[in-house]
Amino acid sequence: SFSSSLAGSVVSEITSKLNATYQTVTKTSLTGTTYDVVIITGLRKGATPKPTATATATPTATPKPTTAP
């Protein structure tokens, strides 16, 4: 995200560098903040998300029928 007071050439240069490194780059305008630039990164080009752990079923004891004496 970029402040509207930032020069267009600066925005273009930063966006170009980010596009060379990251899969997706989205430009937005900043309002109501004291920062000129806010960068939130994600996956680099060619990277794939790591799988998250998933729960696996745990077998439970099966009751056995009892026989009367």
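Residues numbered from 1 in each chain as written. Predicted model: local features only at pLDDT ≥ 70, side-chain atom pairs only at ≥ 80, totals over all residues. Heavy atoms only, no water.

**Q** How should the layout of surface pockets be read in this particular structure?
**A** Empty space among the atoms becomes apparent when a probe as large as a water molecule is rolled across them. The calculated volume of the largest pocket comes to roughly 300 Å³. For the largest pocket, the lining is made up of 17 residues, of which Leu 18, Thr 24, Val 25, Thr 26 and Ile 40 are closest to its centre. In terms of residue class, the lining of the largest pocket is built from eight nonpolar, eight polar and one charged. (1 Å grid on protein atoms, 1.4 Å probe; cavity = no way out; pocket = protein on both sides within 12 Å on 5 of 7 lines; lining within 4 Å. Points joined across faces, edges and corners; volume = space filled by probe spheres on them. Nonpolar A, V, L, I, M, F, W, Y, C, P; charged D, E, K, R; others polar.)

**Q** Where do I start with the side chain of Thr 15 in this structure?
**A** Its location among the elements puts Thr 15 in helix α1 (residues 8-21). For Thr 15, a relative accessible area of 12% corresponds to the buried category. Dropping the residues within four chain positions of it, Thr 15 is found in contact with Phe 2, Val 25 and Lys 27. (Helix = DSSP H or I, 4+ residues; strand = E, 2+ residues; numbered from the N terminus. Buried < 20%, exposed > 50% of the residue type's maximum accessible area, 1.4 Å probe, protein only. Contact = heavy atoms within 4.5 Å.)

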